Amino acid sequence: MIINHPLLGPRDAQEFTYLGDANLIDRPDWQADGAGQAFYEYLYLRDNPAGLHRELWYHEQGDRSWLVVTRNISTHEITKVELARDVARAKGRGK
Amino acid sequence: MRYSGFRVIKEALTGHKGWQPAWRDPTPQAGYDFVIVGGGGHGLATAYYLAKEFGKARIAVLEKGYIGGGNVGRNTTIIRSNYLLDGNEPFYEFSMKLWEGLEQDFNYNAMVSQRGVLNLCHTDAQRDAFTRRGNAMRLNGVDAELLDREGVRKIAPFLNFDNARFPIKGGLLQPRGGTVRHDAVAWGYARGADQRGVDIIQNCEVTGMRIENGRIKGLETTRGFIGAAKVGVAVAGSSSRVMAHAGMRLPIESHVLQAFVSEGLKPVLPGVITYGAGHFYVSQSDKGGLVFGGDIDGYNSYAQRGGLAVVEDVCEGGMSLMPMIGRARLLRIWGGIMDMSMDGSPIIDRTHVEGLYFNGGWCYGGFKATPASGWSFAHLLATDTPHPTARAYRFDRFQKGLMIDEKGMGAQPNLH
Amino acid sequence: MSQQNRIEGGQIDRSRSLSFSFDGIRYQGHPGDTLASALLANGVRLMGRGFKYHRPRGPISAGSEEPNAIVELRGGARREPNTRATVAELHDGLEAASQNRWPSLKFDALAINDRLSPFFAAGFYYKTFMWPKAFWEKLYEPMIRRAAGLGSLSMEPDPDAYDKGFLHCDVLIIGAGPAGLAAALTAGRAGARVILADEDFRMGGRLNAETHAIGDQAGADWAAAAVAELAAMPNLRLMHRTTVLGAYDHGIYSALERVADHLAEPPAGKPRQILWRIYSRRAILCAGATERPIAFENNDRPGIMMAGAVRSYVNRWAAAPGKRIAIFTNNDDGLRTEADLRARGIEVAAVIDSRKGEMVTDSSGRLGLTGITVRGADGQSRTIPCEALAVSGGWNPNLQLTCHQRNRPVWNDALQAFVPESLPSGLSVAGAAGGVFSTHGALTTGTGAAVAALADLGVTATPATLPRAEDAPYAIKPLWYVPHTKGRAWVDQQNDVTVKDIKLAKQENFTSVEHLKRYTTLGMATDQGKTSNVTGLAVMAELTGKSIPETGTTIYRPPYTPVPIAAYAGRSAGKDFRPTRLTPSHTWAAEQGAVFVEVGMWLRAQWFPRKGETHWRHSVDREVLTTRAAVGICDVTTLGKVDVQGTDAAEFLNRIYANPFAKLPVGRVRYGLMLREDGIAMDDGTAARLAEDHFVVTTTTANAVGVYRHMEFCRQCLWPDMDVQLISTTEAWAQFSVAGPKARDLLQKIVDQDISNEAFPYMACAGITVCGGLRARLFRISFSGELAYEIAVPTRYGDGLIRRMSALAEDMGGCVYGTEALGVMRIEKGHVAGNELNGTTTALNLGMAGMVSKKKDAIGSTLSEREGLNQPDALNVVGLRPVNPAEALAAGSHLINRDAEANAANDQGYLTSVCHSPHVGSSIALAFLKNGANRKGETLRAVNPLKDTEVLVEVVSPHFVDPEGERLRG
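The rules behind the values
- Residues numbered from 1 in each chain as written.
- Chains lettered and ligands numbered in written order.
- Predicted model: local features only at pLDDT ≥ 70, side-chain atom pairs only at ≥ 80, totals over all residues.
- Heavy atoms only, no water.
- Helix = DSSP H or I, 4+ residues; strand = E, 2+ residues; numbered from the N terminus.
- Buried < 20%, exposed > 50% of the residue type's maximum accessible area, 1.4 Å probe, protein only.
- Contact = heavy atoms within 4.5 Å.
- Areas by Shrake-Rupley, 256 points an atom, 1.4 Å probe, with all protein chains shown as cover.
- Pairing = 2+ DSSP bridges.
- Axes fitted to C-alpha atoms, helices over the stretch in contact; angles between N-to-C directions.
- Buried area = accessible area lost by both parts, 1.4 Å probe.
- Salt bridge = Lys/Arg side-chain N within 4 Å of Asp/Glu carboxyl O.
- Polar contact = N/O pair within 3.5 Å; in protein donor to acceptor, adjacent residues only side chain to side chain.
- Nonpolar A, V, L, I, M, F, W, Y, C, P; charged D, E, K, R; others polar.
- Patch = residues over 30% accessible without salt bridge, like charges linked within 9 Å, V, L, I, M, F, W, Y side chains within 5 Å.
- Core = buried A, V, L, I, M, F, W, Y, C linked by side-chain atoms within 4.5 Å.
- Expected span 1.5 Å × (residues − 1).
- Bend = angle between axes of the 7 residues up to and from the residue.
- Left-handed = near helix turned anticlockwise from the far one by under 90°.
- Phe/Tyr/Trp six-rings, centres within 6.5 Å; stacked < 30°, edge-to-face > 60°.
- Lys NZ or Arg CZ within 6 Å of the ring centre and 35° of its normal.
- pLDDT = per-residue confidence, 0-100.
- Disulfide = S-S within 2.5 Å.
- Arc of directions from axis to C-beta.

S.K.: What am I meant to see in the overall build of chain C here?
M.R.: Check the secondary structure of chain C and you find 21 helices and 50 strands. Dimensions of chain C, computed from C-alpha atoms along their principal axes, come out at roughly 110 × 70 × 55 Å. Scored against the burial criterion, the 970 residues of chain C give a buried share of 65%. Within chain C, contacts between residues at least 6 apart in sequence are counted, and of these 67% link residues at least 24 apart. Surface accessibility of chain C: about 33600 Å² in total, with carbon and sulfur atoms responsible for 52%.

What follows is the structure, given as structure tokens:
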């Protein structure tokens, strides 16, 4: 596979390390009610869809950016690549 | 019809006219007491044991494609019960014991061949971990031997002892481990189940679940609605897709694992050998092909095909461990979809829907579990209580912090 | 008799003769020959034996799809089993041997199987060999395995080198027949970056094997001229002997170039083969088509081959497969053979065109064909003597690569073949691979595909004016197997699968294509089903009365042809399997005669033997005792180091460590425990605060990469607005531990600043200078329990520093120690390490429950509270010593209560780390024990069933040395 890195251009997926579902960005609030259940669902449950999947890849052999790659996991077609940091900010994460 | 050497000779002399279909192709009935979704090894074994061991009738197996086309038909054929943890070891040993009597039990030669499984170690820490595991096996009454370097050399003198990046320090051997002709397992169970009245319905995909008041009523399929009092889902690789019909999100990701076969070679490998410093494990089939594998590709995929990087990685491991295979040619590569779970261990459990049961999350260890998985799932379906050896395979273990994590990799499926 | 079947013409170099041997007999051939063509020229048809029945076999093809003529090529460590004689390029001195026969190819004892064939029907082994149970491993399976396999391995390491390479191009053209050459000419002339790869050593494809003219040239001459033009283009790379193996995602292709397989051995410094990874923007598949057989009784005798192969041997190699040749075809293409044979002066015994109702029904000949039986349209049979039979059952497009991403082909009734339909992104198909079988069609579609591919890339290409070429229609009437056959008619020749076997599979309901393949082994031979799959499928379709598309399709996976395992491994074999990382003190340590050990990718000094020390324990005990008595130095560079800077650095660490870090003062170090989000311990290490906004974090050697990745995840994905920057500095700093009562004295001799206990107390850290101004860092931390420091200098000074410090240590009665002594001292001190941080243990297990702050959010803190991780009988780390100090403990032993039976139900825990402690004077251990924190003083059994030993042990504090910590504060 080739991942079109937003800063570096097309790169072989072999340069990257895979983590998984981009929902791992949505780490729950530890002080909210039901935090235990929220953390369980956050860490362990997956949609695992047979179609478009937003997922985290780390450019370990490159610039060490975390990326959010939108990929059809039935065909491996990649439709979007974003910096995870931008995605996290867009999701409202800050400090 | 019973298979035997006598029967083979008789048919040979009479033009093979008497062989019967190994299983029927029945038309689905309107309803069943038990419907097993998934005609792979686990599903077929479940149906077989439901009928044979639990005396149940009105059973159907629904298969989207052809039976035995999932992971039971695309694996590296290894059986072993060399696990560390309490939640696993008794279950896999139960499976091993079933393997040991399987062929006589279902009257099909699946070529259960106990030529040994040898895990190599390359560091002191690895040897310590193997010692712990081997002792756990022995405390469970399972065979295990810890070999030193010379012990390994005696079994496998062709390994790279002299020019290795990671020298071989020893190994953990399970002599009763080995290989099984994988397709024959599916066929043997299918034939045995069919003979006991189980309807095996191929080319029948489940497209929905009819659930009323929290209870399963039956399944929508490409061959119409099929009613069911109890439904057992055993579709590893597609678990998330099927269980989504019941509104469930699972602690499972789908990943691709590749496996490899070389051209036929005169047999040289005694049993199964696994490399401890790279992703490579190998055995040699009764036809002569080296059957080997390595790591999963590492990213979610339903595509049933792998990438080049893992092919190279696996062959690097192979060349590093046994450099004499260099001029043997890799003949076929295939990719299968694994249910990679969050702790590397499976789930056999009830669900929040009454009458709906789940069996999955086998990672790449499902083949060896086939008999025990089928038996345990049948036990659960028939009695509504977990089989004693499968008690730990619960859904709620992640909520409760009771993970069964052999490799200690945590909630990251691609590392298990 | 030399080359008695060599005829006039051909594309061989008759000016030179090559000598070669097959089964020890010497023959002559010419450059341009393959092993198969040279053997045929010498009148040798018998080249192998079938797998199951051991029947005599000769080549049926002239290409890489060959299932029968497979041999062991070369000798010694270079022996290559299962090599297709049809593509093995002849070189002087080539040695080949037949395989899977005993005692000889002409007389093979296992040919008895042929007589017993009724007992060996498809899948017979699934129905028998089950009784008595124990006989499988002892009798049946060994018997089967003796007969298993084709060629044999040399059992010696492969002496050749294999390389990997990476190429980029605009257009990759796969196959250099008429379609590929036309595509390459078009794309090359337009200036695109083009790669043209072909598996053959001579480009041209069927143009080299047929007599068709292109324009006013012979096809082969046109091809040679085209190749010459392409070779002159700087933007085009011609890759001979290069098979494109696989089509991967996003335009990536793998290809194998056989650099030196046509030579006796690779020239010095050259690899045998290169595995290329080709990154293409567009690719065009021009891989041609493969002719398929017709199944009839005894259709497997040497001399029976594909009609196209007969034309190849006659036209290209000037090697007649026989003096008198018959033709059996169900299509027009097969009929070409007649004219070609006559033009070469070869007698045509008969032309049997099944479309006219006539069939070949049987053949005769013991080790090679002597005649065929033909049933005429009138139903009358006659026998025709002949030495060869050219068979054409039609052509299957070589569409394999179009299926590698699981696109499925469709059935084309007119061609009676599968043709590509949906294609991988970026790939197009031209010529016979796409079902266009005429030369004119190949040139046209090749050109068109190139124009279209370039248009996709924004390049306008002018299609060349195409020369006139053969454009015959392809008329075929399907005939898969000759009906009413009583005997065996082969479908898969190598695996000995016959029409009868397919019938049996049908009878037993193995009708799905996959069941058919798996039950009968059809298509599982080394030809990967190229000569058998479609035929097998078609036979099954006929038997079940379904159409072929209803019955199924064929699907293919990489590799296109089998590939040596060594080629996929490349240089990453033997010692070069993985890179070796060396520590800054490595050269010096090697000079001292250190024993090294692999630690991940690193090589670390394990111990430093001195004269007279005959056992590793002597060295290690000395290093431990010397360090504890005076001073010891150890290279700890391999520990991971992460530089953390920014105004939020303290808060960042506060969140990634379970214990608090926000208020760590500048100039101080703190031990930190990092959890995974699931509450399990991930790693431990230290964080040193060098400035308000600057920390240095250390990790364990094993987790250096993973921890850094995790920290970047937290920084970028969880808290993207924190002002914090990370960089791994593991390799930037050489770091040494200096431990022991004289550690300060030693360091004070090189450190420029005051490091007295007052000025630089326990857990202090600072940027310092050494040796009169060299930048360094000093941390007062201890892993051994002694007064200890870690000193870091830029890596390039590491060698100098170890030389200086080791000399000082020597003067002070100290020494340098390796990882073994390091391990002993940490066990003596009760520090947990990799054996305890095994990915399943919590802070509670590790005796650090108190470190997990409940007052802050940190990774892992919430899920660490789950009930399963906090059970009353949870494992706790404890120390163990044998009740009898003479007894040795073993890591991996399990703990059992004194009077309990040793079984899994009574398992109380296990020993993680064990060493001989020179300090204690006995074996000691760290262990995890259920409720261990409350069981000090208990006596248990450490059982080791693997060695059949058990040792009585006493539960003690894990801190065997200086439990109060006075030494490290001194």
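S.K.: Just to check I follow, could you spell out the sheet that holds strand S32 (residues 595–599) of chain C for this structure?
M.R.: Two modes of strand pairing occur in sheets, parallel and antiparallel, and in both the strands are linked by backbone hydrogen bonds. Residues and elements named next belong to chain C. Spatially, the 3 strands line up as an open sheet ordered S31-S33-S32, and their pairing is mixed. Edge positions in the open sheet fall to strand S31 (581–582) and S32, since each of these has one partner strand only. In the sheet, S31 pairs with strand S33 (residues 602–607) via 2 bridges, with the strands oriented parallel. For Arg581, the partnering residue across the bridge sits in S33 and is Trp602. Of the strands in this sheet, S32 and S33 are in contact with helix H20 (residues 819–829), which crosses S33 at around 70 degrees.

S.K.: Quick question: what am I supposed to make of the interface of chain B and chain C here?
M.R.: How big an interface is tends to be reported as the loss of accessible area on association of its parts. Contact with chain B, which involves 122 residues of that partner, is made by 120 residues of chain C. Of the roughly 10000 Å² buried at the junction of chain B and chain C (both faces included), carbon and sulfur atoms supply 56%. For the pair chain B and chain C, the number of links is 14 salt bridges. Arg327 of chain B is the partner of Asp160 of chain C in a salt bridge, and the nearest nitrogen-oxygen pair spans 2.9 Å. Along the contact surface separating chain B from chain C lie 75 residue pairs in polar contact (both at pLDDT 80 or more). Considering every element that reaches the side of chain B that touches chain C, the biggest residue donor is helix H4 (residues 124–139) of chain B, with 11 residues. Along the lines of polarity and charge, the residues of the side of chain B that touches chain C split into 54 nonpolar, 37 polar and 31 charged. Pairing geometry for strand S16 (residues 329–341) of chain B and strand S30 (residues 563–564) of chain C, over 2 bridges, is antiparallel. Along S30 of chain C, the bridge assignment pairs Leu330 of chain B with Val563 of chain C.

S.K.: Honestly, a nonpolar patch on the surface in this entry has me stumped. Any pointers?
M.R.: On the surface, Leu110, Ile112 and Leu116 of chain C cluster together into a nonpolar patch covering about 220 Å² of accessible area. Position of Leu116 of chain C relative to the elements: it lies in the loop between helix H2 (112–115) and helix H3 (135–147).

S.K.: It is not clear to me how unusual backbone geometry should be interpreted in this structure. Could you clarify?
M.R.: Excluding glycine, residues mostly carry a negative phi; peptide bonds, for their part, are mostly trans. All names here are of chain C. Note that the residue after Trp102, namely Pro103, is joined by a cis bond; omega there is 5 degrees. Tracing the backbone through its elements, the reader meets Pro103 in the loop between strand S7 (94–97) and H2. At the junction of Trp131 and Pro132, the peptide bond is cis and its omega measures out at -20 degrees in the coordinates. The phi torsion at Ala318 lies on the positive side, around 50 degrees, for a residue other than glycine. Along the chain, the position of Ala318 falls in the loop between helix H6 (307–316) and strand S18 (324–329). What makes Ala318 buried here is its relative accessible area of 0%.

S.K.: Honestly, the interface of chain C and chain A in this entry has me stumped. Any pointers?
M.R.: Each side of the interface is counted separately: chain C has 33 residues, and chain A has 34 residues. Where chain C meets chain A, there are 6 salt bridges. Between Lys95 of chain A and Asp648 of chain C there is a salt bridge; the shortest N-O distance is 3.1 Å. Summed over the shared surface of chain C and chain A, the result is 21 residue pairs in polar contact (both at pLDDT 80 or more). Listed by contribution, the elements that provide at least two residues to the side of chain C that touches chain A are strand S15 (273–285) and helix H17 (704–718) of chain C. Of the residues forming the side of chain C that touches chain A, the biggest block, 9 residues, is contributed by H17 of chain C.

S.K.: In this structure, what is going on with the nonpolar core? I would like to understand it.
M.R.: Side chains of nonpolar character tend, in soluble globular proteins, to be buried together. Judged by nonpolar contacts, the single largest core of 101 residues is most densely connected at Tyr49, Phe91, Tyr108 and Tyr189 of chain B. With 9 residues, the top contributor of residues to this core is helix H9 (residues 366–383) of chain B. Excluding residues within four positions of it along the chain, Tyr49 of chain B makes contact with Phe54, Leu98, Leu102, Asp105, Tyr189, Pro371, Gly374, Trp375 and Ala378 of chain B. In terms of nonpolar packing, the next biggest core, distinct from the first, is built from 76 residues, Ile252 of chain B together with Ala687, Phe713 and Leu863 of chain C among them.

S.K.: Would you mind showing me how to read helix H3 (residues 89–106) of chain B here?
M.R.: All names here are of chain B. Here H3 contains 18 residues, and its C-alpha end-to-end distance of 25 Å stays within 8% of the 26 Å for a straight helix at 1.5 Å per residue. Approximately 45 degrees is the largest bend angle found in H3, and it occurs at Glu100. Counted residue by residue, H3 has 13 buried out of 18 residues, so it is predominantly covered. Residue Asn107 follows H3 closely and has a positive phi angle near 60 degrees.

S.K.: I'm lost on the sheet that holds strand S50 (residues 949–956) of chain C in this one. Help?
M.R.: Taken together, 6 strands build a closed barrel; the order of strands is S45-S48-S47-S46-S49-S50 (chain C) and the barrel is antiparallel. Strand after strand, the sheet turns through a mean of 45 degrees between neighbouring axes, direction not considered.

S.K.: Looking at this structure, I do not really get the packing of helix H6 (residues 182–195) of chain B against helix H10 (residues 513–520) of chain C. What am I missing?
M.R.: Two numbers describe a pair of packed helices, the interaxial angle and the distance between the axes. For the pair H6 of chain B and H10 of chain C, the least separation of the axes is 10 Å and the interaxial angle reads 115 degrees. The crossing of H6 of chain B and H10 of chain C is left-handed. Facing H6 of chain B, whose interface residues are His182, Asp183 and Trp187 of chain B, H10 of chain C presents His515, Arg518 and Tyr519 of chain C. Across the contact of H6 of chain B with H10 of chain C, the residue classes tally to 2 nonpolar, 2 polar and 2 charged.

S.K.: Is there a simple way to think about the pairing of S15 of chain C in this case?
M.R.: Residues in a regular strand project their side chains so that they alternate between the two faces of the sheet. All names here are of chain C. In terms of burial, S15 is a largely internal element, 11 of the 13 residues being buried. Relative to S15, strand S14 (residues 252–258) runs antiparallel, the two being bridged by 7 bridges. Of the residues in S15, the one forming a bridge with Arg258 is Gln273. Bridge count between S15 and strand S27 (residues 427–429): 3 bridges; the pairing is parallel. By the bridge assignment for S27, Ile284 is matched with Ser428.

S.K.: Just checking my understanding: could you explain the environment of Leu846 of chain C for this structure?
M.R.: Residues and elements named next belong to chain C. Its location among the elements puts Leu846 in the loop between H20 and strand S45 (875–882). Residue Leu846 is classed as buried on the basis of its relative accessible area of 4%. Expressed as a C-alpha distance, the spacing of Leu846 and His831, which sit 15 residues apart in the sequence, is 9.6 Å. The residues contacting Leu846, other than those within four sequence positions of it, are Ala681, Val832, Glu836, Leu837, Thr841, Val877 and Phe928.

S.K.: I'm lost on the packing of aromatic side chains in this one. Help?
M.R.: How two aromatic rings sit relative to each other is set out by the distance from centre to centre and by the angle between their planes. Scanning all chains against the criterion turns up 57 aromatic pairs over all chains. When the ring of Phe760 of chain C is compared with that of Tyr789 of chain C, the centres are 6.3 Å apart and the planes differ by 20 degrees; the resulting orientation is stacked. Of the two residues, Phe760 of chain C is situated in the loop between helix H18 (743–748) and strand S41 (765–770) and Tyr789 of chain C in strand S43 (residues 788–794); the sequence distance between them amounts to 29 residues. Since its relative accessible area comes to 5%, Phe760 of chain C is described here as buried. The residue whose ring lies beneath Arg132 of chain B is Tyr910 of chain C, and the NZ or CZ to ring-centre distance is 3.4 Å. Across from the ring centre of Trp719 of chain C, 5.0 Å away, lies the NZ or CZ of Arg655 of chain C, which sits over that ring.

S.K.: Help me understand the confidence of the model for chain C in this model?
M.R.: Residues shown with low pLDDT carry predicted positions that ought not to be read at fine detail. Confidence along chain C averages 97 in pLDDT terms, with 100% of residues attaining 70 or more. Overall fold confidence (pTM) sits at 0.97, and the ipTM for the predicted complex is 0.99.

S.K.: Can you walk me through the state of the cysteines in this structure?
M.R.: Linking two cysteines covalently via their sulfur atoms produces the bond known as a disulfide. All names here are of chain C. The final tally for this structure, using the stated rule, is 0 disulfides over all chains. Note on Cys403: no disulfide assigned, nearest cysteine sulfur contributed by Cys286 at a separation of 16 Å. Judged by its relative accessible area of 1%, Cys403 is buried. Of all cysteine sulfurs, the one in Cys634 lies closest to Cys915, which takes part in no disulfide; the gap is 15 Å.

S.K.: Even after reading the chapter, I still don't get helix H1 (residues 5–13) of chain B, so can you show me in this structure?
M.R.: Helical geometry: 3.6 residues make up each α-helical turn, so side chains three or four residues apart lie on a common side. Residues and elements named next belong to chain B. Turning to H1, its buried residues are Val8, Glu11 and Ala12. All buried residues of H1 lie within an arc of 105 degrees about the axis, which places them on one face of the element. The outward face of H1, more than 90 degrees from its buried face, is lined by the exposed residues Phe6 and Leu13. Gly15 sits one or two positions beyond H1 and adopts a positive phi of about 75 degrees.

S.K.: How should the environment of Arg7 of chain B be read in this particular structure?
M.R.: Residues and elements named next belong to chain B. Within the secondary structure layout, Arg7 lies in helix H1. Put simply, Arg7 and Arg350 are 343 residues apart on the chain and 43 Å apart in space, counted from C-alpha to C-alpha. Setting aside anything within four residues of it in sequence, one finds Arg7 in contact with Met1, Arg2, Gly18 and Trp19.

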